[in-house]
Amino acid sequence: MEKRLPEFEDISRFERFTGGDWCCSRGLLAYASSRSGGIVLKDLRSGEQRVVSVGGGEGSPRFSPDGSRMLFLASVPKEGRQLFCMELDSEKIRQVTHLAGAVMEPIWSPQGDRILFGAPISGGALPEKRHSDEAVVIEDFGYKFDGVGFIRPENHMQLYIADVDGGSVRCLTEGQCDYLHHNWMPDGRSVICVSDKMRSKEEGIGYDLLLIDADEDFGRVRRLTEGLWLVSYPNPMRPVPTPDGKYVIAGILDIEDEENLDGGYPEVYLYRIPAAGGRAEKVFVSDETCYQCVQFPYNAGSGWGFDKLQLSENGKEAYFVSGWQGQCNIYRLNLEGDGHAELLSGGKQVYHGLGRVQDGKMLITRAEADVPEQYCIMDCRTGEILQTAAQSAEDTLEQIELSKPEDFFFNTLDGESRVHGWVLPPQRMEKGKKYPTILYIHGGPHPFYTYGLTMEYQCFAAAGFGVVYCNPRGSSGYGKVHQNIVRSTDGSAYYDCLQFVEEAARRFPWIDTERMGVTGGSYGGYMVNYMAAHSSRFKAYITQRSVASDLISYASSDMQGSSKAYQSFEEFMVNSLKSSAVSYAEKIDRPFLILHGTEDYRTPVEGAHQLFVAIKDLHPDLPVKMVLFPHTGHDQPQIPALQKIYYDEMIEWFRKYL
């Protein structure tokens, strides 16, 4: 069968996996598929599979410790997302919870008799009034968040325990704080979680490790860490207890000076924390092949619902994922060793999730530049892939033709670092012909581009465009010097991107240097705005969900700014205005398209309005356009009809002006 070229419609119908689990003793794999309409239950020995469904929205399957039952979540009319339990032999399904809110992240107790889960409600009930009918009372920072809106009491994540057979549900926690990334202790009598309960709002990303009594309503809480910040946002790591219950292994942000975070998001190291209280011990040492224990992939849409940290069955080794030079690798750390992690498996691919270790093996997720997400069984001793358990979008892969990117490194102009980038050629190129090319800048700035598949870029290539993308300074995954956030805004990353474009054009003669465009979202949108006013390299610009006015972001973003570094508030306002894209709108003189969600709390849509009006006011004859998308936060639209308009606008703009 002759393969066709990808279409932007493929993005919304592309199959995605979430929440996989593997039962080694029975050879069963369970996962949710965006296409299946339920939980796919697959026998890895026979290859037979079936779909388990109770009406819709199924996800988060989890096998019981003895392999006899399976938990999963599903949407229930007038109740929201609830917890269900299936007897695997009889296939009988029973609803376990009836909370007036969404149940999240169910975890079996080690004894298999109880279930720990989170829910964004306190006391099991929601207010009768709709939020649109209520006044909003605000007395502190941190009162809103993208995708959530205003933070209200029922938005805070609380912990619950349900008895599998008895049906009773008890709330363990309370208060105007969050309890996240929960887990059971081995004895089943207490649980651990990451929480901001004992932190001030100003600490932002600061979280503690808590130990909570599981046998009481609103059980006794003990703080196991003080002066340490557990990792949560933006790439969470669930703490894991050792099998003997004496310690908890957790990811800790390396913050030597809490008042000085000018370098940006700090590295994450593994610590061993005594469950009985006492001094936490760092068990990880950074080196040239693994400098931190977490990764921030920008274009690796795999591993959703998977953890990032696991322990061996004897508790002597830790397995985790970490980014290095565009790769997402799996590392193994001897917890009694010298602290240096060993590369278990890596290369030009993406590992993004780890299942629990069973019989020396674990379920993992992986992807490549031309292979979407796979679920595989890996040997924990050798890193060998023993079996590909499931392949997402398998039928789509048989139908469409994919372009293969090439990557290269180059030294920065100032000699401080090396930049890594990829070049994706247009589909079905003709020899000797030159093609318009798009520079796509990632958001963050700390996330990094990987060797993973990006369907959006494949669709641009199918439409006749080359796509070039790189990890300029500010990106993580290349060491501390490279990821210094100061370099993302002081002009260094700007020159890195321009140098990358010139180097790509030198290496790939099909790139038409007279027909180049640039786009990017969030931080990438900020860079597009900056380039539009400071460079003549590009003929057309598309800025997506960008920061356009620091003054608007200061008060309206969910990441509030601060004026503390300035002698006066007036000085702060003047400097904020000077650094904003809108202040140099008069220098923007090329076709400029603005795409923004109306419900974006991260980069408020008011900034897009201000930028559009400023450019239009100063350049009445310049092609300038703003397209706003309802029901869309700090992301591209998720509703297929709106997503189609979004991509159509981008293609039409670049076709018209390149």
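Just so it is clear, the structure is predicted and the values come from calculations on it, not from any experiment.

### Notes on the overall build of the protein chain
- From N to C terminus, the protein chain includes 9 helices and 39 strands.
- Its C-alpha atoms give the protein chain a radius of gyration of 25 Å, within 12% of the compact-globule value 26 Å for 658 residues.
- Considering only C-alpha atoms, the protein chain reaches an extent of 70 × 65 × 55 Å along its principal axes.
- Relative to its full complement of 658 residues, the protein chain shows a buried share of 57%.
- When the accessible surface of the protein chain is split by element, carbon and sulfur atoms take 48% of a total near 27400 Å².
- A gap of 3 Å separates the mean positions of the 66 positive and 91 negative side-chain charges of the protein chain.

### Remarks on the pattern of salt bridges
- This structure, assessed with the given rule, holds 36 salt bridges.
- As a salt-bridge pair, R381 and D379 come within 3.6 Å of each other at their nearest N and O atoms.
- The class for R381 is exposed, based on a relative accessible area of 54%.
- A salt bridge links E416 to R473; the nearest nitrogen and oxygen atoms lie 3.0 Å apart. Of this pair, E416 sits in the loop between β32 (406-411) and β33 (418-424) while R473 sits in the loop between β35 (466-471) and α4 (492-507), placing them 57 residues apart in sequence.
- The class of E416 is partly exposed, set by a relative accessible area of 31%.
- The buried category is assigned to R473, whose relative accessible area is 2%.
- A single network of salt bridges, built from pairs that share partners, joins D414, E416, R473, R487, D490 and D496.

### Points about the pairing of strand β34 (residues 435-441)
- Where burial is concerned, most of β34 is hidden: 7 out of the 7 residues are buried.
- Covered by surrounding structure in β34 are Y435, T437, L439 and I441 together with P436, I438 and Y440, the residues of both alternating faces.
- Both β34 and strand β36 (residues 511-521) contribute to a ladder of 6 bridges, which runs parallel. Bridging from a neighbouring strand, I438 pairs with G517 of β36.
- Bridge count between β34 and β35: 3 bridges; the pairing is parallel. Residue T437 lies in a different strand from β35, and its bridge partner there is G466.
- In the classification by handedness, the crossover that spans β34, the intervening helix α3 (residues 455-462) and the parallel β35 is right-handed.

### With respect to the environment of G415
- Mapping G415 onto the fold places it in the loop between β32 and β33.
- Taking relative accessible area as the criterion, G415 reaches 59% and is therefore assigned exposed.
- Residues G415 and K578 lie 163 residues apart in sequence; the distance between their C-alpha atoms is 29 Å.

### Overview of the sheet that holds strand β5 (residues 59-63)
- Pairing is antiparallel in the open sheet, where 4 strands are placed in the order β5-β6-β7-β8. The sheet terminates laterally at β5 and β8 (93-95), the two strands that pair on one side only. Adjacent strand axes in the sheet meet at a mean angle of 25 degrees, parallel and antiparallel pairs treated alike.
- In this structure, strand β6 (residues 69-76) lies alongside strand β7 (residues 80-87), joined through 8 bridges in antiparallel fashion. When the sheet's bridge partners are listed, F72 is paired in β7 with F84.

### Considerations on the side chain of R332
- Residue position: R332 is located in strand β26 (residues 327-334).
- Residue R332 is classed as buried on the basis of its relative accessible area, which comes to 10%.
- Separated by 2.6 Å, the side chain of R332 and the backbone oxygen of C380 make a polar contact.
- With residues up to four places along the chain from it excluded, the contact list for R332 reads E317, A318, Y319, A341, E342, L344, C380 and R381.

### Observations regarding the packing of α4 against helix α5 (residues 523-534)
- Direction vectors running N to C along α4 and α5 enclose 80 degrees, while the axes themselves pass 11 Å from each other. In terms of axis orientation, α4 runs roughly perpendicular to α5. Of α5, the residues touching α4 (which contributes A493, Y494, C497 and L498) are Y523, M527, Y530, M531 and H534.

### Describing the sheet that holds β36
- In spatial order, the strands read β32-β33-β35-β34-β36-β37-β38-β39; together these 8 strands make up an open sheet with mixed pairing. Of all strands in the sheet, those bounded by a partner on one side alone are β32 and β39 (624-629). Pairs of neighbouring strands in the sheet enclose a mean axial angle of 20 degrees, with direction left out of account.
- For strand β38 (residues 592-597) and β39, the ladder comprises 6 bridges, and the chain directions are parallel.

### Some remarks on the environment of I385
- Within the fold, I385 resides in strand β31 (residues 385-391).
- Spatially, the C-alpha atoms of I385 and M362 are 9.9 Å apart, while their sequence positions differ by 23 residues.
- Residues contacting I385, with those up to four places away along its chain left out, are Y351, I364, R366, C376, I377 and M378.

### Considerations on the pairing of strand β13 (residues 158-163)
- The buried fraction of β13 is high, at 5 of 6 residues.
- Here 3 bridges tie β13 to strand β14 (residues 169-171), and the two strands are oriented antiparallel to one another. The partner of A162 across the bridge, within β14, is V169.

### Some words on a nonpolar patch on the surface
- A grouping of V136, I138 and F150 is seen on the molecular surface, where their side chains present a nonpolar patch of about 220 Å² in accessible area.
- Residue position: I138 is located in the loop between β10 (114-119) and β11 (144-145).
- Judged by relative accessible area, I138 falls into the partly exposed class, the value being 41%.

### Digging into the environment of K431
- Examined against the element boundaries, K431 turns out to sit in the loop between β33 and β34.
- Residue K431 is classed as exposed on the basis of its relative accessible area of 89%.
- Taking the C-alpha atoms as reference points, K431 and W510, separated by 79 residues in sequence, lie 8.4 Å from one another.

### Points about the confidence of the model for the protein chain
- When pLDDT is averaged along the protein chain, the result is 91, and 95% of the positions lie at 70 or above.
- Throughout residues 122-130 the model reports pLDDT below 50, and contacts reaching past four residues in sequence, or to other chains, amount to 15 contacts.

### Let's talk about the packing of aromatic side chains
- Applying the stated criterion across every chain, the model contains 40 aromatic pairs.
- Ring geometry for F408 and F410: centres 6.3 Å apart, planes at 40 degrees, overall tilted. Comparing F408 with F410, the two get one shared label, buried.
- Here the aromatic residues F8, F460, F465, F629, Y646, Y647 and F654 are joined through ring pairs into a cluster of three or more.
- The ring centre of Y247 lies 5.6 Å from the NZ or CZ of R272, which sits over that ring.

### Structural notes on α3
- Burial within α3 is extensive, with 8 of its 8 residues counted as buried.
- All of the buried residues in α3 are M455, E456, Y457, Q458, C459, F460, A461 and A462.
- Close packing links the buried residues of α3 with α1 (9-13), β33, β34, β35 and α9 (640-657).
- Once α3 ends, the next one or two residues include G464, with phi positive near 100 degrees.

What counts as what
Residues numbered from 1 in each chain as written. Predicted model: local features only at pLDDT ≥ 70, side-chain atom pairs only at ≥ 80, totals over all residues. Heavy atoms only, no water. Helix = DSSP H or I, 4+ residues; strand = E, 2+ residues; numbered from the N terminus. Rg over C-alpha atoms; globule rule 2.2 N^0.38 Å. Buried < 20%, exposed > 50% of the residue type's maximum accessible area, 1.4 Å probe, protein only. Areas by Shrake-Rupley, 256 points an atom, 1.4 Å probe, with all protein chains shown as cover. Lys, Arg positive; Asp, Glu negative; His and termini not counted. Charge placed at Lys NZ, Arg CZ, Asp CG, Glu CD. Salt bridge = Lys/Arg side-chain N within 4 Å of Asp/Glu carboxyl O. Pairing = 2+ DSSP bridges. Right-handed = clockwise from strand over helix to strand, strands pointing away. Axes fitted to C-alpha atoms, helices over the stretch in contact; angles between N-to-C directions. Polar contact = N/O pair within 3.5 Å; in protein donor to acceptor, adjacent residues only side chain to side chain. Contact = heavy atoms within 4.5 Å. Parallel < 35°, antiparallel > 145°, perpendicular 65-115°, else oblique. Patch = residues over 30% accessible without salt bridge, like charges linked within 9 Å, V, L, I, M, F, W, Y side chains within 5 Å. pLDDT = per-residue confidence, 0-100. Phe/Tyr/Trp six-rings, centres within 6.5 Å; stacked < 30°, edge-to-face > 60°. Lys NZ or Arg CZ within 6 Å of the ring centre and 35° of its normal.

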